[in-house]
Amino acid sequence: AQKVTQTQTSISVVEKTTVTMDCVYETRDSSYFLFWYKQTASGEIVFLIRQDSYKKENATVGHYSLNFQKPKSSIGLIITATQIEDSAVYFCAMREAYQGGRALIFGTGTTVSVSP
Amino acid sequence: DPKIIQKPKYLVAVTGSEKILICEQYLGHNAMYWYRQSAKKPLEFMFSYSYQKLMDNQTASSRFQPQSSKKNHLDLQITALKPDDSATYFCASSQGTGIFAETLYFGSGTRLTVL
């Protein structure tokens, strides 16, 4: 069965620095899709970035980038030049292409606090 | 303007009652989903629908029944409410459910409190 694990419960950083958070996944599928979402203080869940397992290049969108290490079943999120508004809970999620139905399975989240 | 509308934003119910959570999406998507988030668990997948047909059901209890009257609607009926049902319920949608997994987009949620 698929599983997503985020071991870091919280991270505190100073504005304009870089924050990195980890995510490890388990799957028996040969093809899968990895996502990062952000949940703001208001509760809104926002899609940030995705990585398809067959792609070797790390995805990058704005100041978000991924560190995809397939042999380690790891997909880290890197936020550069952090801003106060990056303070949120970040969720890693995975969907298997052929097994596990169509459900997007989420990790427990990492709370990021960005201070001035 | 929000593209996925959930109503109501807050809902208080008494144990044993029945409530319907409303979800409408205006993204032109063909697939819709329900997720639940409680303090005890992470975002938990409940149902997925594609072209108004149930695709996946991960909810053990039959008290939770999705209802799709239109392609862009997926309501969630909850009967015989229990305090453990207290959670925020999120509706989501994606273009499809094909193997090149479409990205999910979420509504703002309905926070349900069962007394």
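Before going into details, it helps to say that this report is about the structure given with it. (Residues numbered from 1 in each chain as written. Chains lettered and ligands numbered in written order. Predicted model: local features only at pLDDT ≥ 70, side-chain atom pairs only at ≥ 80, totals over all residues. Heavy atoms only, no water.)

## Observations regarding the interface of chain B and chain A
Frequently, the measure chosen for interface size is the accessible area that the parts lose on association.
Phase 1: Of the residues lining the interface, 20 residues belong to chain B; the matching set on chain A comes to 20 residues.
Phase 2: Overall, the association of chain B and chain A removes approximately 1800 Å² of surface from exposure, summing both partners, and the carbon and sulfur fraction of that is 60%.
Phase 3: Put simply, chain B and chain A have 0 salt bridges between them.
Phase 4: Linking chain B with chain A are 4 residue pairs in polar contact (both at pLDDT 80 or more), by the criterion used here.
Phase 5: Listed by contribution, the elements that provide at least two residues to the side of chain B that touches chain A are strand 4 (31-37), strand 5 (44-50), strand 6 (53-57) and strand 10 (105-106) of chain B.
Phase 6: Of the residues assigned to the side of chain B that touches chain A, the class counts are 13 nonpolar, 5 polar and 2 charged. (Contact = heavy atoms within 4.5 Å. Buried area = accessible area lost by both parts, 1.4 Å probe. Salt bridge = Lys/Arg side-chain N within 4 Å of Asp/Glu carboxyl O. Polar contact = N/O pair within 3.5 Å; in protein donor to acceptor, adjacent residues only side chain to side chain. Helix = DSSP H or I, 4+ residues; strand = E, 2+ residues; numbered from the N terminus. Nonpolar A, V, L, I, M, F, W, Y, C, P; charged D, E, K, R; others polar.)

## Brief notes about the layout of surface pockets
Residue and element names in this part refer to chain B.
Phase 1: Taken as a whole, the largest pocket spans an internal volume of roughly 390 Å³.
Phase 2: Considering the residues around the largest pocket, the lining is formed by 21 residues, among which R36, K41, E44, D84 and D85 are closest to the centre.
Phase 3: Going through the elements one at a time, strand 4 and strand 5 are the ones with two or more residues in the lining of the largest pocket.
Phase 4: If you tally residues by element for the lining of the largest pocket, the top one is strand 5, at 3 residues.
Phase 5: Residues of the lining of the largest pocket, tallied by class, amount to 7 nonpolar, 6 polar and 8 charged. (1 Å grid on protein atoms, 1.4 Å probe; cavity = no way out; pocket = protein on both sides within 12 Å on 5 of 7 lines; lining within 4 Å. Points joined across faces, edges and corners; volume = space filled by probe spheres on them.)

## Here we look at the packing of aromatic side chains
Phase 1: If you walk through the whole model with that rule in mind, you get 14 aromatic pairs over all chains.
Phase 2: Relative to F106 of chain A, the ring of Y37 of chain A lies with its centre 5.6 Å away and its plane at 55°, an arrangement referred to as tilted. Placement of the pair is Y37 of chain A in strand 5 (residues 32-39) and F106 of chain A in strand 11 (residues 105-106), with a sequence separation of 69 residues.
Phase 3: On the basis of relative accessibility, which here comes to 5%, the residue F106 of chain A falls in the buried class.
Phase 4: Summarising the aromatic geometry, the rings of Y35 of chain B and F45 of chain B are spaced 5.5 Å apart at their centres and angled 65° between planes, so their arrangement reads as edge-to-face. Of the two residues, Y35 of chain B is situated in strand 4 and F45 of chain B in strand 5; the sequence distance between them amounts to 10 residues. The exposure classification of Y35 of chain B matches that of F45 of chain B, with both residues buried. (Phe/Tyr/Trp six-rings, centres within 6.5 Å; stacked < 30°, edge-to-face > 60°. Buried < 20%, exposed > 50% of the residue type's maximum accessible area, 1.4 Å probe, protein only.)

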